[in-house]
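Given next are the chains, with one letter for each unit.
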Amino acid sequence: MKAIVQDVYGSADTLHVRDVVRPSPAEGEVLVRVHAAGVGPDVWHVMTGLPLMVRPVFGLRGPRNPVRGWDGAGRVEAVGAKVTDFEPGDAVYGRLDGSFAEYALAKTERIAPTPQNVTFRQAAAVPVSAVTALQALHTKARLRAGQKVLVIGASGGVGSFAVQLAVAHGAEVAGVCGGRAAKFVRSLGATTVLDHTRQEITDGSRRYDVVLDAAGNRPLPLLRRALTPRGTLVHIGGEGGSRWFGDTGTQLRMALMTRFTRHDLLGLFAVVGRADLLTLTALIESGDITPAVDSTYPLTEARDAIRHLKRGHPRGKVVLVVVPEA
């Protein structure tokens, strides 16, 4: 089968199209014929091996699994011996290990049936980004109807889902994005849009019950000034920090500071699981949220897809198309 692989950490130039052996599912796994795969910052971090602290997990000198990709959607091709809840032909989406390939393995607890009203391309945009937004707002912030929410990075993969999820929950949403994405963020349901190239997120006149920082590049004192006296900040990472530890320092400062302030300062490492995917499926099928696909690339152009992700400020999610009709 064809797959996008890399042997050493580095830029998108380290990615190559290669024929590799098609994997076989273990007892609790399914083999998925991948139709489409999502491209997100998580892929970039594993590709580059940055921050360096991730390398003991993914491989010290090069990626332990050379095939890139996490998000995916497609059809079950084969099932492991003890799998009873999926069968060949089922349309599924979720966390696929090595989704930048024609076939990928998935643990059954990490996937769910695809929503019936979306394409495979749209479904592939959901898992990591939407689950992250859902866990940030509902699990961490415990969002309530009527609260005011600020989403920083509102036009990106996580942010575009966060805006819609907050609106669906009855919150009043303000989104932070570049000026060119303002119309898009308003279309997601934000009542206020702040252009980060022209204005600061807080001038003292606006306070929010929940601030979701999906960009991860603003100092904590600035973010706290945007909160109400008992507001909640959820920080989901970013591209800043040191080469060794990334923004782990920010996470540690938040964990320490939250003990001495009325603000809840919370970090998040999202894990894709079936329960959250089923929640998202219900919201998608009801029309409360719609996956936003910024652009699509064929599998063989994975390099260009990742380059676009890093420089293009996508509106929604970038998706690789493995099966053309997906």
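Just above, that's the structure.
So, here is what we can say about the structure in this document. (Residues numbered from 1 in each chain as written. Predicted model: local features only at pLDDT ≥ 70, side-chain atom pairs only at ≥ 80, totals over all residues. Heavy atoms only, no water.)

Points about the packing of helix α4 (residues 127-140) against helix α9 (residues 274-286)
Part 1 of the reasoning: Interhelical geometry of α4 versus α9 gives an angle of 90° and a closest axis separation of 10 Å. Accordingly, the angle class assigned to the pair α4 and α9 is roughly perpendicular. Packed against α4, whose contacting residues are Pro127, Ala130, Val131, Leu134 and Gln135, the element α9 presents Asp276, Leu277, Thr279 and Leu280 at the interface.
Part 2 of the reasoning: A per-class count over the contact of α4 with α9 returns six nonpolar, two polar and one charged. (Axes fitted to C-alpha atoms, helices over the stretch in contact; angles between N-to-C directions. Helix = DSSP H or I, 4+ residues; strand = E, 2+ residues; numbered from the N terminus. Parallel < 35°, antiparallel > 145°, perpendicular 65-115°, else oblique. Contact = heavy atoms within 4.5 Å. Nonpolar A, V, L, I, M, F, W, Y, C, P; charged D, E, K, R; others polar.)

Notes on the side chain of Gln147
Part 1 of the reasoning: Positionally, Gln147 belongs in the loop between α4 and β8 (148-152).
Part 2 of the reasoning: On the accessibility criterion, Gln147 (10% relative accessible area) is buried. (Buried < 20%, exposed > 50% of the residue type's maximum accessible area, 1.4 Å probe, protein only.)

Remarks on the packing of aromatic side chains
Part 1 of the reasoning: Going through the model one piece at a time under the given rule, you end up with zero aromatic pairs.
Part 2 of the reasoning: The aromatic ring of Tyr103 is capped on one face by Arg22, whose charged end is 4.8 Å from the ring centroid.
Part 3 of the reasoning: Between the NZ or CZ atom of Lys310 and the centre of the ring of Trp44, over which it lies, the distance is 4.0 Å. (Phe/Tyr/Trp six-rings, centres within 6.5 Å; stacked < 30°, edge-to-face > 60°. Lys NZ or Arg CZ within 6 Å of the ring centre and 35° of its normal.)

Description of the sheet that holds strand β13 (residues 264-267)
Part 1 of the reasoning: Spatially, β10-β9-β8-β11-β12-β13 is the arrangement adopted by the six strands of the open sheet, whose pairing is parallel. Looking at the sheet topology across the chains shown, the edges are occupied by β10 (192-195) and β13. The sheet shows a mean angle of 15° between the axes of neighbouring strands, taken without regard to direction.
Part 2 of the reasoning: Bridge analysis of strand β11 (residues 208-213) against strand β12 (residues 227-235) gives five bridges, and the strand direction is parallel. Paired with Val210 across the two strands is Thr232, which belongs to β12.
Part 3 of the reasoning: On top of the sheet, α4 reaches β8, β11, β12 and β13; it is set at about 150° to β11, its chief contact.
Part 4 of the reasoning: Along the sheet, helix α5 (residues 157-168) makes contact with β8, β9 (172-177) and β11, crossing β8 at roughly 170°. (Pairing = 2+ DSSP bridges.)

Overview of helix α10 (residues 302-311)
Part 1 of the reasoning: Within α10 the residues assigned to the buried category are Ala302, Ala305, Ile306, His308 and Leu309. Angularly, the buried residues of α10 cover 155° about the axis, an arc narrow enough to put them on a single face.
Part 2 of the reasoning: Here the buried face of α10 lies against β1 (2-5), β3 (29-39), α1 (41-48), β14 (293-298) and β15 (317-321).
Part 3 of the reasoning: Immediately downstream of α10, the backbone of His313 shows phi near 50°, a positive value. (Arc of directions from axis to C-beta.)

What to know about the pairing of β15
Part 1 of the reasoning: Most of β15 is tucked away: five of the five residues are buried.
Part 2 of the reasoning: On β15, burial covers both faces: Lys317, Val319 and Val321 on one face and Val318 and Leu320 on the other are all buried.
Part 3 of the reasoning: Bridge count for β3 against β15 is four bridges, and the pairing is antiparallel. From the neighbouring strand, Ala37 faces β15, where its bridge partner is Leu320.
Part 4 of the reasoning: Across five bridges, β14 lies against β15 in parallel orientation. Bridge pairing links Tyr297 to Leu320 in β15.
Part 5 of the reasoning: Each parallel crossover has a hand, and the one from β14 via α10 to β15 is right-handed. (Right-handed = clockwise from strand over helix to strand, strands pointing away.)

Focus: the pairing of β3
Part 1 of the reasoning: Most of β3 is tucked away, with ten of its eleven residues classed as buried.
Part 2 of the reasoning: Across five bridges, β3 lies against strand β6 (residues 103-107) in antiparallel orientation. Bridged to Val30 within β6 is Ala106.
Part 3 of the reasoning: By the bridge criterion, six bridges tie β3 to strand β4 (residues 71-79) in an arrangement that is antiparallel. Paired with Val32 across the bridge in β4 is Val76.

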